[in-house]
Every structure is written in C-alpha cells, then in structure tokens.
Amino acid sequence: MQRLRVRYAKRGRLRFTSHRDISRAVERAVRRAGIPVAYSAGFSPHPKISYAGAAPTGVASEAEYLEIGVTTPCVPEQVKLGLDGSLPPGLDVLDVVEAGPGGLADRLEVSDWEVRLPGADRELAEVAVEKFLAASTVDVERLTKKGPRRFDAREAVLRLVVSEGTDRTAAQVQGRPCVILRMVVRHMTPAVRPDDVLTGLRLVADFAPPVPPEVTRLAQGPLDASTGALADPLDLDRDTTRGGEAGPAGEHVAG
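Sequence order as written defines residue numbering, which begins from 1 separately in each chain. The predicted nature of this model means local features are confined to residues of pLDDT at least 70 and side-chain atom pairs, given and counted, to a pLDDT of 80 or more, with totals for whole chains, interfaces and linings taken over all residues. Side-chain numbers come from the whole structure's heavy atoms, not from hydrogens or water.

Under the annotation held in an unreviewed UniProt entry, the chain carries the name DUF2344 domain-containing protein and is attributed to Nonomuraea deserti.

What follows is the structure, given as structure tokens:
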C-alpha cells in the first residue's frame, strides 16, 4: 500500500469548521477525485486517512497534514490537483508527496504562529512579551474535558516577538492599529496553544486585547537544532522518494 502525505491550508470561514466536518469533507473529496483509497478491515471499514497535529477549531492554518493510504500507486502531483479541485474553497491542498520511512507525527515538533490583535496597544504588548520571556514559569489554567487543568505556558515558548506581520497592511485591520505577535511553540503534553500564551501575557502584565485574536498557524515541523529554524516535515520524504515526479508505467492518475 502506497502512503501519500498531504499538506493543506484551512482559511477564511473554514477555520471555524470542526475537525470532524473537515474529515468528512476530505473523505468526500477523495471519492470525487477518484483516489483509490484503502479501507480498514472489519465490520465497519473506514478509509485509511489519518491526521497529524490538527489546529484547534477557530484557528486558521497554512500547515495542516494528513496521510492517505491508497491501493494503487498514484502520482502525487495528480492527487494534489484532483483533491484540491474537489475540496471546498478554504480547504486548499498545498503539497502532496509519497511517504518515506518514519512517522509524520513524530516530525511535528514545533509550530510557528501569527496572532493578530486588532486595536491592541503595541507598547503594552512589547512590555508584556518582555515580562513573559523573563519569567521562569507562567502557570495558566484551561478548562478541559476532564475539568480545569493548570500547567506552565512558558516552557513551550521558544520564541515570542511583536512582529511587523507577513504583509504590508498587517499593522492595520479595517483602519485600526493591529499588534501582530509571532510565536514558535514546542509541541508538548498538555499542548500549549496561542490562547494559553495570551492568558500568560495577561497574568504577567495585565495585557488583554480588546477583541478576540485572529490566529494563524504559519508552519509546523521539526526544529533544526543548529539554526533554530523550522524545517519542512515533508523534506525527508522528498529525499527518500521521487517527491511527486512521474513514476513508472502503471501508476494511477486520480480524477
């Protein structure tokens, strides 16, 4: 069975879609695209589609990942085109590669987040960030399915800065000033999310944005220990497979 790894984006209103609904949309798109997906055995067979490091509901993302098992070898580029054309706008396929050895989830060590705070004060944000980074621990509390849970939000944060944003208009949202935070957060248990970091900023410096934040995951993957940079988790697959190039005769072309 060939395995295909897919990077996709969750944009616009689709950021409010639950993971279950995204899963259903992907399964429908796989069928429409004619991808020969493999099924599990047993009385209730399910398509062999698995997800890794899914972003929370309400959060946009440029780096969501899933893996599809197929019964017939496929050309990754054709799967990308077919799957992207079958998904609703806002769920956009960015890359497809043939899976190499090793698990995908193990490579997703850190996430790079952009958090936009419309109407927030930049100077107050810079002071809050400085105090947060200076603290040895910042204990926050989040309500989970098992009740309130308290944990340290500081340990997971590798980088936190007040940024200029990723485009020229980032400092303004609908004519209002907008503070942009960039944070690189290590994946831990329990997971530390951007809203936990914002809670920490409120606790250490009484910094509270006037409106709900706009959160986007820009990337997730392994951390390069020598440079501190985030690497593409699919690079290893490209190094050990054809990486989307046309394969030998007999490969299935989706759609």
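**So, the overall build of the chain**
Secondary structure counts use DSSP, requiring at least four H or I residues in a row for a helix and at least two E residues in a row for a strand, with both numbered from the N terminus. Regarding its fold elements, the chain presents five helices and eleven strands. Within the chain, buried positions represent 44% of all 255 residues. Throughout, a residue-residue contact means that at least one pair of heavy atoms, one from each residue, lies within 4.5 Å. Taking all contacts inside the chain whose residues are at least 6 apart in sequence as the whole, residues at least 24 apart take part in 75%. With an accessible surface of roughly 13,300 Å², the chain has 50% of that area assigned to carbon and sulfur atoms. Burial classes follow relative accessibility: with a 1.4 Å probe on protein chains only, a residue under 20% of its type's maximum area counts as buried, one over 50% as exposed, and anything between as partly exposed. Only the protein chains shown count as cover for residues, with accessible areas throughout obtained via the Shrake-Rupley method and a probe of 1.4 Å.

**What to know about the nonpolar core**
Core analysis: the largest hydrophobic core is formed by 28 residues, its most contacted members being Leu117, Leu160, Leu181, Met183 and Leu201. For this core, the elements supplying multiple residues, two or more each, are β5 (110-118), α3 (122-134), β8 (157-163), β10 (176-186) and α4 (194-205). As used here, the term nonpolar core means buried Ala, Val, Leu, Ile, Met, Phe, Trp, Tyr and Cys residues forming a set that is joined through side-chain atoms within 4.5 Å. Ala25, Ala33, Leu83 and Leu87 belong to the second-largest nonpolar core, a separate cluster that totals 23 residues.

**Details of the pattern of salt bridges**
Close approach of charged atoms lets side chains of opposite charge pair. Any Lys or Arg side-chain nitrogen found within 4 Å of a carboxyl oxygen on Asp or Glu counts as a salt bridge. Enumeration according to the criterion identifies 15 salt bridges in this entry. A salt bridge links Arg217 to Glu64; the nearest nitrogen and oxygen atoms lie 2.8 Å apart. Here Arg217 is found in strand β11 (residues 214-221), whereas its partner Glu64 is found in strand β3 (residues 60-70), with 153 residues between them in sequence. With respect to burial, Arg217 and Glu64 carry one shared label: buried. Where salt bridges share partners, they join Arg3, Arg5, Glu67, Arg107 and Asp237 into one cluster.

**Some remarks on the side chain of Ser163**
Note that Ser163 resides in strand β8. Since its relative accessible area comes to 14%, Ser163 is described here as buried. Excluding anything up to four places from it in sequence, Ser163 contacts Arg122, Ile180 and Arg182.

**So, the packing of α3 against α4**
Remark: α3 packs on α4, axes separated minimally by 9 Å, with the N-to-C direction vectors making an angle of 95 degrees. Taken together, α3 and α4 sit at an angle that is classed as roughly perpendicular. When α3 is examined against α4, the residues Ala128, Val129, Lys131 and Phe132 are found in contact with a partner set consisting of Val197, Gly200, Leu201, Val204 and Ala205. Three classes are used: nonpolar for Ala, Val, Leu, Ile, Met, Phe, Trp, Tyr, Cys and Pro, charged for Asp, Glu, Lys and Arg, and polar for all others, with Gly counted as polar. Residue composition of the contact of α3 with α4, by class: seven nonpolar, one polar and one charged. For every element, the axis is a line fit to its C-alpha atoms; helices are fit only across the contacting stretch, and the angle between N-to-C directions ranges from 0 to 180 degrees. When an angle is under 35 degrees it counts as roughly parallel; over 145 it counts as roughly antiparallel; between 65 and 115 it counts as roughly perpendicular; any other value is oblique.

**Comments concerning helix α1 (residues 19-32)**
Its 14 residues place the ends of α1 20 Å apart at the C-alpha level, agreeing with the 20 Å of an ideal helix rising 1.5 Å per residue. Of the positions making up α1, those classed as buried are Ile22, Ser23, Ala25, Val26, Ala29 and Val30. Seen from one end, α1 has its buried residues packed into an arc of 165 degrees, which puts them on one side. Residues of α1 that are exposed and angled more than 90 degrees away from the buried face: Arg20, Arg31 and Arg32. One or two steps after α1, the chain reaches Gly34, where phi turns positive at roughly 70 degrees. To estimate how far a helix should reach, multiply one less than its number of residues by 1.5 Å. For this quantity, the arc is that covered by the directions from the helix axis to the C-beta atoms.

**Observations regarding the confidence of the model for the chain**
Known as pLDDT, the predictor's per-residue confidence is scaled from 0 to 100. Looking at the chain, the pLDDT average stands at 89 and 89% of residues meet or exceed 70. Here residues 166-170 is a poorly scored stretch, pLDDT under 50, and it has ten contacts once near neighbours within four places are set aside; other chains count. In this model, residues 243-251 is a region of pLDDT below 50 whose contacts with residues beyond four sequence positions or in other chains number twelve contacts.

**Re the pairing of strand β6 (residues 139-144)**
Alignment of β6 against strand β7 (residues 147-152), held across six bridges, turns out to be antiparallel. Paired with Thr144 across the two strands is Gly147, which belongs to β7. Taking the residues between adjacent antiparallel strands as the criterion, β6 and β7 are bridged by two residues. DSSP bridges decide pairing: two strands pair if at least two such bridges lie between them.

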